Each structure stands twice: as C-alpha cells, then as structure tokens.
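Architecture and fold: a report
Residue-level listing of the chains:
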Amino acid sequence: MNEKGNYSLNNKRFKDFLESNDFFKNSPNEGSTFDFIQKQGIFMKIVYEKDIKDFVIDWIEQNQCDEGVFNLMTGNLKFFKRDYLSLLKSKDIEILKDNKDECFLFYRNCIVKITKDKREILSYSDVNVGIWRDQVINRDYYPTDHHSSEYRTFIWRIAGENQDKYKSFQTVIGYLLHSFKTNSNNKAIIFNDEVISDNPNGRSGKGLFWNALKQLRKVQALDGKTFDFNKSFPYQSVSTDCQVLVFDDVKKSFNFENLFSVITEGISIEYKGKDSIKLDVTESPKIIITTNYTIQGDSASFNARKYEVEMSSHYNDNHTPIMEFGHELFNDWTDEEWANFDNYMMNCISIYLENGLIDMPLKNLDYRKLIDQIGNEMNIFFSGLEKNQYLNIKTTYDNLLDSFPELKKRNVSQNLMTRNLKKYCEFHEYIFETAYSGGIGKMIINKPKKPADVWDNIEVNNETHF
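Residues numbered from 1 in each chain as written. Predicted model: local features only at pLDDT ≥ 70, side-chain atom pairs only at ≥ 80, totals over all residues. Heavy atoms only, no water.

1. Here we look at the pairing of strand S5 (residues 111-114)
What counts is decided by this rule: Only protein chains enter the calculation, and the probe is 1.4 Å; a residue is then buried if its accessible area is under 20% of its type maximum, exposed if over 50%, and partly exposed in between. A run of H or I in DSSP counts as a helix once it spans at least four residues, and a run of E counts as a strand once it spans at least two, with each numbered from the N terminus. In short, DSSP must find at least two bridges between two strands for them to pair.
By the alternation rule, side chains of S5 split into Ile111 and Lys113 and Val112 and Ile114, which are all buried. With four bridges connecting them, strand S4 (residues 103-107) and S5 associate as antiparallel partners. In the sheet register, Phe106 faces S5, and the bridge partner there is Ile111. Hairpin connection between S4 and S5: a loop of three residues separates the two successive antiparallel strands. Note that S5 and strand S6 (residues 119-122) share four bridges and pair antiparallel. Following the sheet pairing, Lys113 is matched in S6 by Glu120. Where S5 folds back onto S6 in an antiparallel hairpin, the turn is made up of four residues.

The structure is reproduced here in structure tokens:
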C-alpha cells in the first residue's frame, strides 16, 4: 500500500510468494518452451495460468486479506498472463519412470514395481524423486488371483478364443502400459476388425480396449474422423504428461506416413499463443490408431512403425459386452473386480517384459487391404472373370460399368480398372498379362502359381457376395 492508500504489487515478492508455494517452470529440453509446475511433496503436476490465479485468489480469501488486495489481483489480468508468470524460476525435474526392465504403477496406497519375474510393493516414503500427480490411480492396490477377471475374459473373446492371438494381445497391453521407449522399439498399435464386410463393424470392442488403459495410465484421445495433420495446432489438446495417445476411429484416407516422425523422433506440441514444446521419443506418448478400414502402406518404413491388431467379431451390435457380462465394464465394478483387473494387467506387463511384442496371427487383414485399395465392386467383378483366356480390355471395362453403374458416376477409368486388376492378381498369385494388336487391348489372367484355393481361411459375412 502506498501513501495514498492504494495497493501495488511488488514483482520480487510475488515471485518469492509463488516459489515458496512450490511453483516453478520447466522445459522438457533446450529446444522447447516451458510448462508451469507445482510440486507438493514428491508429487508434481502441470498447472496453467488459471490454476495459479485460482491458487492466489483462494490464498487471499483464506487469509482474509484486505479487500484492496483482492481487487488489485482480480482487477489486473496481466499478473496471470504467461509472459508475466515467466518470472518464475526454471528448475530441472527428476521423475520416477519406467526403464527397460521395470514398470511402475502408482496407487493411492503404494507403488507397484513390475518386472518380468515379480512384483514389488513400494512405499511412497521410500521414493526421493518426483511423481506426476495425474499418474496416480485413484484406488488402492492389493494382490489377488487375476484369472477370474472379467477383462481377461473380454481379451480372450476379442482374440477369437485363439491361444496364440490371446498371447499377442497380452503383449500389446503390456507394451502400451510400459511407458519406456526408444526410437528403435516404438510402434503405433493399429486396431482393425477381422470380419470382411461392406459395413465395417464399429462395435467390436476397440473403444473398451483403450479405455482399459485409461484406468492405469494417462490416456488422451483425438477424434480420428475430424483430425487433420494440416490444421494449426493439431496436438494442442495433448498434455506433455500424456502416456498413450489414441487416434480414435480414423478415416479411410488417414495418412499414417504423417506419424513417422512422431513414432521415431517424438512429438511437437504447439499451443495457440505459445511456443512449441518438443518431446523426444523417450518422453512422447505411445500411439494407438483405431479404424474400421485399413492403414495402407507396406514398405519397410511402414512396417517398422506399425503393429497391426485384428479384433474378432465376437462383439457386435447384436452381442455387446453389457449383454455378456450383465453390466458395464469399469463403471459397474466392485473393489474385488478392480483388484482382478489390476493384477491381470500387471501380468500382461510381465509377459511383455519377458517376450516383447509377439507377432499377432492375422486372418484377413491383407485381404481387407486389397478391398480397401480396389473397392468391393471391382473385387466382386474380378472374381467372376474367366481365367486362362484373353479378354478384351474395353469390353471388360464396359461390363464393369454395366454391373456397377455407380463406378461410372465416380469417373472410374479403364486404366484404373486395369491397375486394380493387376493388384487383384498379385494378391491371389495369378499371372496377369496384357497384349495389344491392331489397336485392340487384351489381357489374360492365368491360373495361380500355386494350386491352393485362394479363398481358404477368408472370413466374410453375408453382406458380401462373390
């Protein structure tokens, strides 16, 4: 207060006040802007300007400060602008986090350290490094037998009750819960449906799968239908302590190649009005993509960055998990069921730490990719073409448009038909050849190189006809 009775803010004292209450700023690396952090014992959390303002106003009211102090701090918004609050001291932080051989889960009553061989219960009083407050699971942990876990049954069902596929699913769970990663072992987990249909199944359990991870880790989801890599600040809703980032229900045209650098180098998060925060691959979230289509691309670069999962058709519109279990998973669980779940997920982590990601047996994925590339109309049409005799290309093209008039509306060209027929033959291991004589183009589809029935082990539903 000055001689006239007016209040003013002393910058140095305000800085000291905030720092005495354990506010500081931290940059993940030299090339990044900073986050504001508040530390409470060993627990840390990322805070924003509004959180600091709320803290100051609450402190003023709790300490019954003069009304003039309240009016000063609420009447001058510059005190809670990012540029002004940057006066806070910068500090490095050390966080307890997973390493190559150990995974840590934080509960209200303890920390559980998981390795491939055992679990160890630790006390928070034994820890002398920081823990993110948002990563503490809001329930107590106690050991129990996990074999009766409902979620274990759910995984068995989406694995098609196939033992090899089930084991692969367990390692996927473990991989996503184990937050340690390097640029050489980091892959996007892509969830697709096993069944082949004109109407992709959106109720196979993909959402329940990643929501289970949300019960143990900090998971954030982006709407895959509206997400656009080219928009300004595409990751502005992602926090720097996110552990699993889900691109949920992406479009057929989703460009997986745009994620290459995120997977191998790390993520740059830009917030409107702020500098970007660059998280290297070791600090970046693991990636999940869910889709009712397929992710195109089979080069070495694509394959090195993705792990593809097929969901069985056990769950669908006519048979949901609620129908099977009699209640919602997660929302309607007892403490006993939560304990079963926690111990099951830890078992999956141990299996992953011992085996890494086990290749998943894929039943129909390559066939689905073919259909997504050439379209179901051409797939159906090509299956009925005569083999081992020359066909007139123009006549075949006209027959295609007569059979599927909608292709004419989409301006499908004769050249596109020929290119797609070549892809169809390559997939089914037919020999495809073209020849031109007197300006007339002909083509021939020779018998398969192998005598195998190309339709073996292809699962279709009644909506697709060949």
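2. Considerations on the layout of surface pockets
Rules: Using a 1 Å grid laid over the protein atoms alone, points where a 1.4 Å probe fits but cannot get out form a cavity; open sets with protein on both sides within 12 Å along at least 5 of 7 lines form a pocket; any residue with an atom within 4 Å of a point counts as lining. Grid points are joined across faces, edges and corners, and a volume is the space filled by probe spheres set on the points. As a working rule, the residues Ala, Val, Leu, Ile, Met, Phe, Trp, Tyr, Cys and Pro are called nonpolar, Asp, Glu, Lys and Arg charged, and the rest polar, with Gly in that last group.
Considering only enclosed or pocket space, the largest pocket measures out at about 660 Å³ in volume. Lining the largest pocket are 29 residues, with Ile95, Lys97, Trp132, Thr282 and Glu283 positioned closest to its centre. Taken together, the residues of the lining of the largest pocket sort by class into eleven nonpolar, nine polar and nine charged.

3. Considerations on empty space enclosed by the protein
Following the criterion strictly, the structure yields one cavity of 30 Å³ or more and no others. The calculated volume of the largest cavity comes to roughly 60 Å³. Lining of the largest cavity is provided by Phe34, Asp35, Phe36, Val47, Tyr48, Glu49, Arg82, Tyr271, Lys274 and Ile277.

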